[in-house]
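Close look at the chain arrangement
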Amino acid sequence: MNESMIKEKKEPSIATIGIVLVLGAIVPMLDTTMTNVGINTILKDLSSTVNVMQWVATAYVLALGLAVPLAGWLLDQVSGRLLQEVSLIIFMIGSLVSGTANSIPALIIGRIIQGAGAGVIITGMSVLAIRAAHGQNLGKLMSVIGLPIVFAPILGPTVGGALIKYLNWHWLFYINIPFVVAALIATFALLPKFTPSAKGKAFDFLGFLLITGTFSGIVIGITNYSADNIFGKLSVLLPVFLGIDCLLVYIIYAFKQPNKVLVPLGLFSSANFSASTALLFLSGLMVNGVMFVLPLYLQNIRHLSVIWVGIYLIAQGVGMLATRSITGTLTDKYGARWIVITSMVGAAITTLPFVFFTAKTSEWLVLFVLFLMGLTRSGITIPVMSDAYTGLDPKLIPQATVATRMAQNIGGSIATAVLAGVIQSIVGNNVAADVTLNNAYQTAFIWTSIGTLLGVIPAMFLSNRIGKKAN
């Protein structure tokens, strides 16, 4: 009896596990929003352009997405707690490299290291939380472990703006270190070991290289195209065709080696999973892409200081927070389909006003639209993430997490590259007049709205419990 009581006391609750995992994940997510606020300052300090500076955001998100397959495999090979600890240390090293950088190449290297650590941390958060909860009440669970997504746009821009104003942009990365140390201590003290479930399985290096080639080629091609708007040149066609070839080879390889690949094609036999993956890819446009463009827009068109940019973006975060809890509950009760469709349409509508806003538009109207934009975001990410796991065999959770996280983050890197290219293609490499800049950002917001509406198509294949009686 005593031994049983001691064991029960030592076993942390699901709530405790969730809090520890969120503490680790909120560091890289805060870093993303803080860095976006600093893009304009870093651009001027290092005498760069929007097209080059987008790599500071894109390299991070792309590295994060490509680290996900490795994370999925590692979670089956080593202790989940050990993996989280090592990943936090890698992220801290990347923060140090980024903080000490005095050139764009050095900063990009630091961001790649950060992204590699962040990819494993965020993937581990999802997989380990689901394992701890044994796949139950996924809507509510996603609303809890998705808290970093809510607080990042609230805290990140404000903290980032203050750091730039009172210190300098290097502190956007130095500030990560004490948070990482706190997360390391909590992980070591409170997180269970999480014994690996499929130890001994060989890592799919060929599949990883093909996935890396696919998305790196596409992102590089898009970025090179935006430099001078010439599609037919070798620097554009070669990486794009290389990416497409890698994708085709991966599909053939995955078909022949279904038990070996990182992302089995069998996952996509589920309409729910396929739709969720497509929507998560598009959500990168609404999250990463927009959060790259908005700070630049607010500083260059609205002429706000970095502090005020952070304050403005709080409105969006508050909107996300307002609908977060109810979204998880509604998803568990009614399914994801109509919640996501409604939110997608709402997201497109709330992005369109920025096409017509000018420097003279009332600040209260801008804040109100940002708040409405935030309201729609929770209605997309939470239902889609929970629906991706609906009906899946628990053994497929790591592979499913690999696919969904990779789709979301690589979609974000492609979205950032596309929107940066749209802006750069209009602005050019010279200092642009306000009218030209305004036209560039307006075009980027139009692209965002159209891309968001495209998400309604895959959303039709999500789960729907409205009008259906429970068995």
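Residues numbered from 1 in each chain as written. Predicted model: local features only at pLDDT ≥ 70, side-chain atom pairs only at ≥ 80, totals over all residues. Heavy atoms only, no water.

Our focus in this paragraph is the overall build of the chain. Helix and strand counts for the chain stand at 19 helices and 0 strands. A burial count over the chain gives 58% of its 471 residues as buried. For the chain, restricting intrachain contacts to residue pairs at least 6 apart in sequence, the fraction spanning at least 24 positions comes to 83%. In the structure as shown, the chain presents an accessible area of about 19600 Å², 71% of it carried by carbon and sulfur atoms. (Helix = DSSP H or I, 4+ residues; strand = E, 2+ residues; numbered from the N terminus. Buried < 20%, exposed > 50% of the residue type's maximum accessible area, 1.4 Å probe, protein only. Contact = heavy atoms within 4.5 Å. Areas by Shrake-Rupley, 256 points an atom, 1.4 Å probe, with all protein chains shown as cover.)

It is the contact of helix α13 (residues 306–334) with helix α16 (residues 363–388), at a shortest axis distance of 6 Å, that shows an interaxial angle of 35 degrees. Every pair of crossing elements has a handedness; the one defined by α13 and α16 is right-handed. (Axes fitted to C-alpha atoms, helices over the stretch in contact; angles between N-to-C directions. Left-handed = near helix turned anticlockwise from the far one by under 90°.)

Tallying each qualifying case throughout the model produces 11 aromatic pairs. Geometrically, the ring pair formed by Phe203 and Phe205 is edge-to-face, given 4.8 Å between the ring centres and 85 degrees between the ring planes. Owing to a relative accessible area of 57%, Phe205 belongs among the exposed residues under this scheme. The interplanar angle of 70 degrees and the centroid separation of 5.3 Å between the aromatic rings of Phe268 and Phe273 together place this pair among those described as edge-to-face. Given the relative accessible area of 0%, Phe273 is considered buried. (Phe/Tyr/Trp six-rings, centres within 6.5 Å; stacked < 30°, edge-to-face > 60°.)

On the surface, Phe241, Ile244, Leu247, Leu248, Ile251, Phe255, Leu265 and Phe268 cluster together into a nonpolar patch covering about 750 Å² of accessible area. Structurally, Leu265 is set in the loop between α11 (234–256) and α12 (271–300). By relative accessible area, Leu265 is classed as partly exposed at 31%. (Patch = residues over 30% accessible without salt bridge, like charges linked within 9 Å, V, L, I, M, F, W, Y side chains within 5 Å. Salt bridge = Lys/Arg side-chain N within 4 Å of Asp/Glu carboxyl O.)

Before going further, it helps to spend a moment on the side chain of Ser79. The residue Ser79 is located in the loop between α3 (50–74) and α4 (80–100) in this model. At 2.7 Å, the side chain of Ser79 and the backbone oxygen of Lys193 are in polar contact. Excluding its chain neighbours within four sequence positions, the residues that come into contact with Ser79 are Lys193, Phe194 and Pro196. (Polar contact = N/O pair within 3.5 Å; in protein donor to acceptor, adjacent residues only side chain to side chain.)

Before going further, it helps to examine the packing of α4 against helix α9 (residues 176–190). Relative orientation of the contacting elements α4 and α9 amounts to 170 degrees, with a least axis distance of 10 Å. By the angle between their axes, α4 is roughly antiparallel relative to α9. Where α4 approaches α9, its residues Arg81, Gln84, Glu85, Leu88, Ile89, Phe91, Met92, Ser95 and Leu96 are matched on the opposing element by Asn176, Ile177, Val180, Val181, Ala183, Leu184, Thr187 and Phe188. Classifying every residue of the contact of α4 with α9 by side-chain character gives 11 nonpolar, 4 polar and 2 charged. (Parallel < 35°, antiparallel > 145°, perpendicular 65-115°, else oblique. Nonpolar A, V, L, I, M, F, W, Y, C, P; charged D, E, K, R; others polar.)

Along the polypeptide, Thr404 turns up in helix α17 (residues 397–427). Residue classification places Thr404 among the buried residues on the basis of a relative accessible area of 0%. When near neighbours in sequence (up to four residues on either side) are disregarded, Thr404 contacts Phe273, Thr277, Leu280, Met385, Ala388 and Tyr389.

This brings us to unusual backbone geometry. The phi dihedral of His303 is positive, around 60 degrees, even though this residue is not glycine. Among the structural elements, His303 can be located in the loop between α12 and α13.

Here we come to the confidence of the model for the chain. The share of residues in the chain with pLDDT of 70 or more is 85%, and the mean pLDDT across the chain is 79. Note that pLDDT drops below 50 for residues 1–9; the model gives that stretch 0 contacts with residues more than four away or on any other chain. (pLDDT = per-residue confidence, 0-100.)

The subject of this paragraph is α13. Spanning 29 residues, α13 covers 41 Å between terminal C-alpha atoms, matching the ideal 42 Å at 1.5 Å per step. In the structure, α13 departs most strongly from a straight axis at Arg324, where the bend amounts to approximately 40 degrees. Positioned one or two residues after α13, Gly335 has a phi angle of 90 degrees, which is positive. (Expected span 1.5 Å × (residues − 1). Bend = angle between axes of the 7 residues up to and from the residue.)

A separate point is the environment of Arg405. By the element assignment, Arg405 lies in helix α17. Taking the C-alpha atoms as reference points, Arg405 and Ser126, 279 residues apart in sequence, are found 9.3 Å from one another. Not counting residues within four places of it along the chain, the set of residues in contact with Arg405 comprises Val68, Ile122, Thr123, Met125, Ser126 and Met385.

Time to look at the environment of Ser87. Take Ser87: it is sitting in helix α4. It is 8.5 Å that separates the C-alpha atoms of Ser87 and Gly119, two residues lying 32 residues apart in sequence. In this structure, Ser87 is in contact with Gly117, Val120 and Ile121, ignoring residues within four places of it in sequence.

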